[in-house]
Amino acid sequence: MTAPAGSSGPRALVALDVDGTVVDHDDRLSDRVRAAVQAAAEVAHVVIATGRSTDGTLEVLDRLGLLRGHAVVSNGAVTLDLDPDSEKGFTVAEAVSFDPAPALAAVREYLPAALYGIETEDLTKVLTEEFPPGELSGPYRVASFAELSRTRALRVIVRSLDHTPEDFERIVHRIGLNSVTYAVGWSAWLDIAPEGVSKATALETVRRRLDVPPELTFAVGDGRNDIEMLRWAAHSAAMGNALDDDVVAAADEQIGTVHDDGLAAFLDRVLIGRAA
């Protein structure tokens, strides 16, 4: 399936979602998963690919010990080159922004009481009001909806405390949102990115930069924002806690849950297979 570990051939690229894959939804990272990810990084390019913003991703990278390499954040809108010797520990390799006003206006018509936020080109957040504790990390400031609408954004975040993810799916389909990329989260959370931007598009750029053959790409995820990434990889796995049928269908296999350290078992199997 891949070049043997330790061979002189090209290294594989292993793309990993974070929430529900590397850590559970209580942000718990098991020792077994940490060890498996570190072992994978010895023989492959491990690239975290997450909907988290930069600050939230850096915290996970630090816990995993992944201080060099690359990371895809904000659902593909931002790609980081990791460098512990740089001032911030990273440089921005690519950031794709857009005018959020049309999407904000369209969603607000259906969800006037929702919480709205944007991630700006300087990697900070601007919110209409505070989100529930623990849901957003890093610096933010509160501003008017009008200010959000006139500020270029890397992504738009919509959070409703009065709806379910299923409600969000129905509302999004009613709205259309054809000129952007969007993903509904495991809670009533909607991420809106520039059109055509996803984890998969950013990972393809990283793959080309690293000169990894397409057949040596792996991906693991659990959410709707992972579907394109799972389809992009030559071999992909949906976590056992992936509840959406479309996520499972996008992957080549379904593995154990995050609570059962499913990612660790998958990486161990992949590594053993490569070393055999």
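Everything that follows concerns the structure shown earlier in this document.
Residues numbered from 1 in each chain as written. Predicted model: local features only at pLDDT ≥ 70, side-chain atom pairs only at ≥ 80, totals over all residues. Heavy atoms only, no water.

A look at the overall build of the protein chain
Working step 1: The helix and strand inventory of the protein chain stands at nine helices and 14 strands.
Working step 2: Taken over the C-alpha trace, the protein chain has a radius of gyration of 18 Å; the compact-globule value for 276 residues is 19 Å, and the two agree within 12%.
Working step 3: Considered along the principal axes of its C-alpha atoms, the protein chain spans approximately 55 × 40 × 30 Å.
Working step 4: If you take every contact in the protein chain between residues at least 6 apart in sequence, the share linking residues at least 24 apart comes to 58%.
Working step 5: Counting every atom, the protein chain has about 12100 Å² of accessible surface; 49% of that belongs to carbon and sulfur.
Working step 6: Each charge class in the protein chain was averaged separately, 25 positive and 44 negative side chains, and the resulting centres sit 2 Å apart. (Helix = DSSP H or I, 4+ residues; strand = E, 2+ residues; numbered from the N terminus. Rg over C-alpha atoms; globule rule 2.2 N^0.38 Å. Contact = heavy atoms within 4.5 Å. Areas by Shrake-Rupley, 256 points an atom, 1.4 Å probe, with all protein chains shown as cover. Lys, Arg positive; Asp, Glu negative; His and termini not counted. Charge placed at Lys NZ, Arg CZ, Asp CG, Glu CD.)

Here's the deal with the nonpolar core
Working step 1: Ranked by internal contacts, the top residues of the largest apolar core, which has 63 residues, are L16, V22, V37 and L203.
Working step 2: Aside from chain neighbours lying at most four places away, what touches L203 is L13, A15, V47, A49, V72, M229 and W232.
Working step 3: In terms of nonpolar packing, the next biggest core, distinct from the first, is built from 25 residues, A103, L148, V158 and L190 among them. (Core = buried A, V, L, I, M, F, W, Y, C linked by side-chain atoms within 4.5 Å. Buried < 20%, exposed > 50% of the residue type's maximum accessible area, 1.4 Å probe, protein only.)

So, the side chain of T21
Working step 1: Checked against the element boundaries, T21 lands in the loop between β1 (12–16) and α1 (31–43).
Working step 2: Judged by its relative accessible area of 1%, T21 falls in the buried class.
Working step 3: Here D17 takes part through its side chain, which lies 2.9 Å from a polar atom of the side chain of T21. (Polar contact = N/O pair within 3.5 Å; in protein donor to acceptor, adjacent residues only side chain to side chain.)

Concerning the pairing of strand β4 (residues 78–82)
Working step 1: Among the five residues in β4, five count as buried, and that is most of the element.
Working step 2: The side-chain alternation of β4 yields two buried faces, one formed by V78, L80 and L82 and the other by T79 and D81.
Working step 3: In the sheet, strand β3 (residues 69–73) pairs with β4 via five bridges, with the strands oriented antiparallel. Note that in β4 the partner of A71 across the bridge is L80. (Pairing = 2+ DSSP bridges.)

Quick notes on empty space enclosed by the protein
Working step 1: One pass over the structure, following the stated rule, counts two cavities of 30 Å³ or more.
Working step 2: Lining the largest cavity are 13 residues, with N75, T181, A183, V197 and N225 sitting closest to its centre.
Working step 3: Of all elements in the fold, only β10 (180–184) and β11 (189–194) reach the threshold of two or more residues within the lining of the largest cavity.
Working step 4: Residues that form the lining of the largest cavity fall into these classes: five nonpolar, four polar and four charged. (1 Å grid on protein atoms, 1.4 Å probe; cavity = no way out; pocket = protein on both sides within 12 Å on 5 of 7 lines; lining within 4 Å. Points joined across faces, edges and corners; volume = space filled by probe spheres on them. Nonpolar A, V, L, I, M, F, W, Y, C, P; charged D, E, K, R; others polar.)

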